[in-house]
Amino acid sequence: MPPFPCSLWELPGLTKLSVQAIHGFRETEKSRWSEASRAILQRVQAAAFGPGQTLLSSVHVLDLEARGYIKPHVDSIKFCGATIAGLSLLSPSVMRLVHTQEPGEWLELLLEPGSLYILRGSARYDFSHEILRDEESFFGERRIPRGRRISVICRSLPEGMGPGESGQPPAAC
Ligand SMILES: O=C(O)CCC(=O)C(=O)O
Ligand SMILES: [Fe+2]
């Protein structure tokens, strides 16, 4: 499947863009968490981000229905820095990464509930990422039936943007 050359949030209006790239979902940006959730987020952040990296002030929570899916895209560098870390909950799913210049170069990740993926370096910038729809949800030969999936996504600030400028990021990055 050729990569869909969509770059999220390149156009004004997050909702329109999300509608283009993500199907069957609702989402929110969350900055206040319970103590138990904060402890989990701290583990995610310690695993995924370096000490010099500043995170977006709020965390993106995406609730994808069983029939929902995410088309291939590269998160816009305007709104998202060098690292994207996503915790997957509820249903397993398959994330496919495809090189934007060499579509023959691709890999798939099985995102089990409770797993964390980290996109940085080439995976962040040179590969699109997508979440396969139920009909296409295979990991190798293995069928991965899709149910409702919730992801909790932490992102670093775009390069050159100070923390003071992170107060109004788009609802997602
Ligand atoms: O749900 C995920 O893990 C990925 C979401 C995503 O790619 C995005 O919001 O840009
Ligand atoms: Fe993304």
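Labelled according to an unreviewed UniProt entry, the chain appears under the name Alpha-ketoglutarate-dependent dioxygenase alkB homolog 7, mitochondrial, originating from Rhinopithecus roxellana. Reading the Sequence similarities (unreviewed entry) entry of the UniProt record for the chain gives the comment "Belongs to the alkB family." According to the UniProt record, the Subcellular location (unreviewed entry) comment for the chain is "Mitochondrion matrix".

*Asks:* Help me get a handle on the overall build of the chain, residues and values and all.
*Replies:* If you tally the helices and strands in the chain, you get three helices and 11 strands. Beginning at the N terminus, the succession of helices and strands in the chain can be written as β-α-β-α-β-β-β-β-β-α-β-β-β-β. In the chain, which comprises 173 residues, the share counted as buried stands at 34%. Of all intrachain contacts in the chain linking residues separated by at least 6 positions in sequence, the fraction that spans at least 24 positions is 82%.

*Asks:* Kindly report on the nonpolar core, identifying the contributing residues and their values.
*Replies:* Taken as a class, soluble globular proteins show a tendency for nonpolar side chains to be buried jointly. Residues Ile70, Ile84, Met95, Ile131, Ile153 and Cys154 are the most contacted members of the largest nonpolar core, which totals 25 residues. At the level of elements, strand S3 (59–75), strand S4 (84–90), strand S5 (93–99), strand S8 (127–131) and strand S11 (149–155) are the ones that each hand at least two residues to this core. At five residues, the largest contribution of residues to this core is made by S3. Not counting chain neighbours up to four residues away, the residues in contact with Ile131 comprise Leu64, Tyr69, Ile70, Ser93 and Met95.

*Asks:* I'd like to hear about the UniProt feature "domain: Alpha-ketoglutarate-dependent dioxygenase AlkB-like" (unreviewed entry) in the chain, residue by residue, with values.
*Replies:* Mapped onto this structure's residue numbering, the UniProt feature "domain: Alpha-ketoglutarate-dependent dioxygenase AlkB-like" (unreviewed entry) falls at residues 27–155. Helix makes up 14% of residues 27–155 and strand 47%, and the two end C-alpha atoms of the span are 15 Å apart.

*Asks:* Break down helix H2 (residues 35–48) for me, citing the residues and quoting the values.
*Replies:* Between its first and last C-alpha atoms H2 spans 20 Å; for 14 residues at 1.5 Å apiece the expected length is 20 Å, and the two agree. In terms of residue burial, H2 counts as a barely covered element, since only one of its 14 residues are buried.

*Asks:* So, the environment of Pro103: which residues are in play, and what are the values?
*Replies:* Within the secondary structure, Pro103 is located in the loop between S5 and strand S6 (106–111). For the pair Pro103 and Leu87, spaced 16 residues apart in sequence, the C-alpha to C-alpha distance is 26 Å.

*Asks:* If you had to explain the environment of Leu41 to someone new, which residues and values would you point to?
*Replies:* Relative to the elements of secondary structure, Leu41 occurs in helix H2. The partly exposed category is assigned to Leu41, around which 18 C-beta atoms lie within 10 Å. Residues Leu41 and Leu87, spaced 46 residues apart in sequence, show a C-alpha to C-alpha distance of 9.2 Å. Not counting residues within four places of it along the chain, the set of residues in contact with Leu41 comprises Trp33 and Val59.

*Asks:* I'd like a description of unusual backbone geometry, backed by residues and values.
*Replies:* With a phi close to 70°, Leu90 is a non-glycine residue in the positive phi region. By the element assignment, Leu90 lies in strand S4.

*Asks:* I'd love a proper account of the pairing of S4, names of residues and values included.
*Replies:* The side chains of a regular strand alternate, residue by residue, between the two faces of the sheet. Burial runs high along S4: five of the seven residues are buried. Inspection of the sheet shows S4 paired to S11 by seven bridges, in the antiparallel sense. Note that in S11 the partner of Ala85 across the bridge is Cys154.

Conventions used here
Numbering of residues begins from 1 in every chain and follows the order in which that chain's sequence is written. Following the order in which they are written, the chains are lettered starting with A and the ligands numbered starting with 1. Local features in this predicted model are restricted to residues of pLDDT 70 or higher, and side-chain atom pairs are both shown and tallied only at a pLDDT of 80 or more, whereas totals for entire chains, interfaces and linings draw on every residue. UniProt positions are given in the numbering used here, feature names are shortened, and annotations may be inferred rather than shown by experiment. Segments assigned H or I by DSSP are reported as helices when at least four residues long, segments assigned E as strands when at least two residues long, and all are numbered from the N terminus. Here the C-beta atoms are placed from the backbone, and a residue counts as buried if at least 20 other C-beta atoms lie within 10 Å of its own, exposed if 12 or fewer do, and partly exposed otherwise. Here the contact rule is simple: place C-beta atoms from the backbone, and any two residues whose C-beta atoms are within 7 Å are in contact. We define the nonpolar core as any set of buried residues of the types Ala, Val, Leu, Ile, Met, Phe, Trp, Tyr and Cys, connected via C-beta atoms lying within 7 Å of each other. What a helix should span is 1.5 Å times the count of its residues minus one. Any two strands with at least two DSSP bridges between them are considered paired.

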